[in-house]
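For reference, the chains in residue letters:
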Amino acid sequence: MTDDDRLTRSGEIGPAERLAMNRTGSFDWDLDTGTIDVDESGLLVFGLTQDAYDGSPATLVARLAPEERTRLKGIVREAVKGGSVSYNAHFPIPQAEGAPHWTHVQARILRKPDGRAQRIVGVVRDTTAEVSHTAACRRARRTGATEGTGVRERDRPKTAAVVREALDGRVPEYLAVLEAELEESLRSDGPASGGEALRAALRGDCHLHSDWSDGGATIEDMGRTAAALGHDWAVLTDHSPRLTVARGLSAERLREQLDVVARLNEEWAPFRMLTGIECDILDDGSLDQEPELLDRLDLVVGSVHSKLRMDAKAMTRRLERAVRNPLMDVLGHCTGRLVAGGRLRPESEFDAERVFAACAESDTAVEINSRPERLDPPRRLLRLAVAAGAYFAVDTDAHAPGQLEWQILGCARAEECEVPEERVINTWSADRLSRWTRS
Ligand SMILES: [Zn+2]
Ligand SMILES: [Zn+2]
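Residues numbered from 1 in each chain as written. Chains lettered and ligands numbered in written order. Predicted model: local features only at pLDDT ≥ 70, side-chain atom pairs only at ≥ 80, totals over all residues. Heavy atoms only, no water.

**Q** Got a minute to help me understand the packing of aromatic side chains in this structure?
**A** Remark: the centre distance and the inter-plane angle together describe each pair of aromatic rings, the angle taken between the planes. Enumeration over the complete set of coordinates arrives at five aromatic pairs. A centroid spacing of 5.5 Å and a plane angle of 80° characterise the contact between Trp428 and Trp436, whose relative ring orientation is edge-to-face. By way of ring pairs, the aromatic residues Tyr391, Trp428 and Trp436 are connected into one cluster. Its end group placed over the ring of Tyr391, Arg423 keeps NZ or CZ at 3.9 Å from the ring centre. (Phe/Tyr/Trp six-rings, centres within 6.5 Å; stacked < 30°, edge-to-face > 60°. Lys NZ or Arg CZ within 6 Å of the ring centre and 35° of its normal.)

**Q** Is there a simple way to explain the sheet that holds strand β1 (residues 24–30) in this structure?
**A** Think of a sheet as strands paired side by side through backbone hydrogen bonds, with each pair either parallel or antiparallel. Spatial strand order, β2-β1-β5-β4-β3: five strands in an open sheet with antiparallel pairing. Strands with a single pairing partner mark the edges of an open sheet, and in this sheet they are β2 (35–38) and β3 (86–93). When strand polarity is set aside, the average angle formed by the axes of neighbouring strands in this sheet is 20°. Bridge count for β3 against strand β4 (residues 101–111) is eight bridges, and the pairing is antiparallel. Across the sheet, residue His90 finds its bridge partner in β4, namely His104. Of the strands in this sheet, β1, β3, β4 and β5 (117–126) touch helix α5 (residues 66–81), which is tilted by about 175° from β3. (Pairing = 2+ DSSP bridges. Helix = DSSP H or I, 4+ residues; strand = E, 2+ residues; numbered from the N terminus. Axes fitted to C-alpha atoms, helices over the stretch in contact; angles between N-to-C directions. Contact = heavy atoms within 4.5 Å.)

**Q** How do you make sense of the sheet that holds strand β11 (residues 365–369) when you look at a structure like this?
**A** Here seven strands make up an open sheet; going across it, the order is β6-β7-β8-β9-β10-β11-β12 and the pairing parallel. Two strands in the sheet have a free side with no partner beyond their single neighbour: β6 (204–208) and β12 (392–395). In terms of strand pairing, strand β9 (residues 299–303) meets strand β10 (residues 330–331) through two bridges, oriented parallel. Bridge pairing in β10 links Val301 to Val330. Across the sheet, helix α11 (residues 219–228) is in contact with β6, β7 (233–236) and β8 (272–280); its angle to β8 comes to roughly 120°.

**Q** Could you clarify how one ought to interpret the coordination of the zinc ion (ligand 1) in this entry?
**A** Under ideal tetrahedral coordination, the four donors around a metal are separated by 109.5 degrees; under ideal octahedral coordination, the six donors are separated by 90 or 180 degrees. Each protein donor to the zinc ion (ligand 1) is listed here as Glu278 (OE), His305 (NE2) and His333 (NE2); together their distances run 2.1 to 2.2 Å. We note that the donor set of the zinc ion (ligand 1) lies within a single chain, spaced as E-x26-H-x27-H. Between the zinc ion (ligand 1) and the zinc ion (ligand 2), a spacing of 3.5 Å is present, and a bridge between the two is formed by Glu278. Here Glu278, found in strand β8, pairs with His305, found in the loop between β9 and α14 (312–324); they are 27 residues apart in sequence, far enough to count as distant. The exposure classification of Glu278 matches that of His305, with both residues buried. (Donors = N, O, S within 2.8 Å, 3.2 Å for Na, K, Ca; no water. Buried < 20%, exposed > 50% of the residue type's maximum accessible area, 1.4 Å probe, protein only.)

**Q** I would appreciate a short explanation of the pattern of salt bridges in the present structure.
**A** Two side chains of opposite charge can pair, provided their charged atoms sit close to one another. Summed over the entire model, instances satisfying the criterion amount to 20 salt bridges. With its nearest N and O atoms 2.9 Å apart, the salt bridge here joins Asp232 to Arg203. You can see Asp232 sitting in the loop between α11 and β7 and its partner Arg203 sitting in the loop between α10 (196–201) and β6, a full 29 residues away along the chain. Overall, Asp232 belongs to the partly exposed group, its relative accessible area being 33%. Given the relative accessible area of 33%, Arg203 is considered partly exposed. The residue Arg380 makes a salt bridge to Glu347 at a minimum N-O spacing of 2.8 Å. Of this pair, Arg380 sits in helix α16 (residues 379–388) while Glu347 is found in the loop between β10 and α15 (352–362), placing the two residues 33 residues apart along the sequence. For Arg380, a relative accessible area of 25% translates into the label partly exposed. Each of Asp28, Arg119, Arg309 and Glu349 takes part in one network of salt bridges that share partners. (Salt bridge = Lys/Arg side-chain N within 4 Å of Asp/Glu carboxyl O.)

What follows is the structure, encoded as structure tokens:
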């Protein structure tokens, strides 16, 4: 079986399948060095091969018609200088023969604390087929014509008119439809159903936040909601000090939180709020909190929140060191990808087989993060983790009480990838879980 077959069978969206399906690639533009890292699918959208690409924005822009170059540069400049967090652009790429290919860019601008733009990450997508299809369907609906009458061919978008409209600052009508469809297709990575059997077996959630860090609700509200959902326990995992944007807890505040949780547990029995942390995995793989304090906690989730684009070798070392740390119990959202919403982010690159083998050896569970914009790890990697014999934690990473219901999304993916129920640590009692984390 070829690699591509495997990707297709697993339902995973790999580069080859993605391109065949909707021609989508990703890019990461480092504004300090001025280079744009574009993946293979992304280069194909621009009609470039890896050999023909030198990492320079100018090489990509050169693929556009001159008036389009000016327009695209204007959009990017305005977004970067104007303090925007994202931008979208839709433009044609002329072909040597035939009609131009339409390309959609959706990008997120990452800024330093002082507001200066540092990186732009995003997706590029060849939308030619959709543009003509959408236009044909709209026309067909208007005229009552049906598919197969040649409407599609006749209604190829009139390029000049579209460009004029775009230059006038008006968004062509079908592009608005396209935007909505793009949003939809990004969301559709999540399963529509399934996971009920595993969900019914879960007794708790190992990853949730309160307003002590970047959550929107109090510990009380999160705990009460978890209990109301039928959980026997939940683990409070607010962020660690280094994640200042998320108001990560200092050692002192975390100690304070432990006392608060202890008091709440007296009221809440038999429901138990277990103590925990979502601890940043630092660049060298060490954990961002005092070891004695981590040791006191019931459960430690370790996650990467910085330098997600470090090279695969370094990232493998970083993750491996972290998961082999006896203080760490769960590897949170391992690829860091964001697949929906205004922010998109490609997967971090690392040797997944190696990292999951280390998880299995050191009894560190691989998290199945249920957040709809994360759904991390992707199915391809989730199957690798199953093959490695790792434990799993199906978590919501909830930042508000309503998000505690998202666990069903992770359960559906777990079932789809044949995660054995007995390997899911959320099916255990609180006592069994804390015995396991302390062993
Ligand atoms: Zn996180
Ligand atoms: Zn989190």
